[in-house]
Amino acid sequence: MNPYRYKVSLRAMHPRDDLRPLFDQLGLAPVRTWRAGERRATPSGAALSGVYRESYAYTNLTHGSRNWSDEDLQDYLKGVQQRLAMHRDTLHTFYIRGGRCGLSIGLSGESGFGFELDPALGAGLADLKLTLGFDFHAEPD
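Values in this document were obtained by computation on a predicted structure and should not be read as measured data. (Residues numbered from 1 in each chain as written. Predicted model: local features only at pLDDT ≥ 70, side-chain atom pairs only at ≥ 80, totals over all residues. Heavy atoms only, no water.)

**Overview of the pairing of strand E4 (residues 47-51)**
So, point 1. As judged from the two bridges shared by strand E3 (residues 39-41) and E4, these two strands associate in the antiparallel manner. Its bridge partner being in E4, Ala41 is matched across the sheet by Ala47.
So, point 2. The hairpin turn running from E3 into E4, its antiparallel successor, is five residues long, and Gly45 in that turn takes a positive phi close to 100 degrees. (Pairing = 2+ DSSP bridges. Helix = DSSP H or I, 4+ residues; strand = E, 2+ residues; numbered from the N terminus.)

Next comes the structure, spelled out in structure tokens:
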């Protein structure tokens, strides 16, 4: 067995557009969002120097870490892909207008681990114009 834990979030970026309408159409509430040209700030709202160069928003889909033995990552991602498939036109329009949207997957484990993702899953996510990003951590989260 290859024990690991994972977190999945949906992230979106756009050169200029407000991303709240995208998340509203997807039926998701962003955890954090900003728009290109707004003054930079910390998550608590303290001002930072400069402005944001692009719009950004994300939401956590797993609401905390999940254990591979509770639900395999591939099975979880298939469920996300199926839920987002009803928003294919919205995601395509966002992509055509210059946006980037994708799943960010954080992985952690106490020792080495590995897995494969089925090509059909990759094809389904690509059809929705979603990227896959991976962030690996050597220690449990």
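Further notes follow.
**So, the pairing of strand E1 (residues 5-14)**
So, point 1. The element E1 is extensively covered by neighbouring structure, given that seven of its 10 residues are classed as buried.
So, point 2. Sheet topology places E1 next to strand E6 (residues 66-67); two bridges connect them, and they run antiparallel. Counterpart to Tyr6 in the pairing with E6 is Arg66.
So, point 3. Two strands pair when backbone bridges link them, and E1 and strand E7 (residues 100-108) are joined in this way by nine bridges, in the antiparallel orientation. (Buried < 20%, exposed > 50% of the residue type's maximum accessible area, 1.4 Å probe, protein only.)

**Thoughts on the environment of Gly102**
So, point 1. Relative to the helices and strands, Gly102 resides in strand E7.
So, point 2. Gly102 sits in the buried class, given a relative accessible area of 6%.
So, point 3. Once the C-alpha coordinates of Gly102 and Arg40 are considered, the two residues, 62 residues apart in sequence, prove to be 23 Å apart.
So, point 4. Ignoring any residue separated from it by four or fewer positions in sequence, one finds Gly102 in contact with Ser9, Leu10, Arg11, Leu130 and Thr131. (Contact = heavy atoms within 4.5 Å.)

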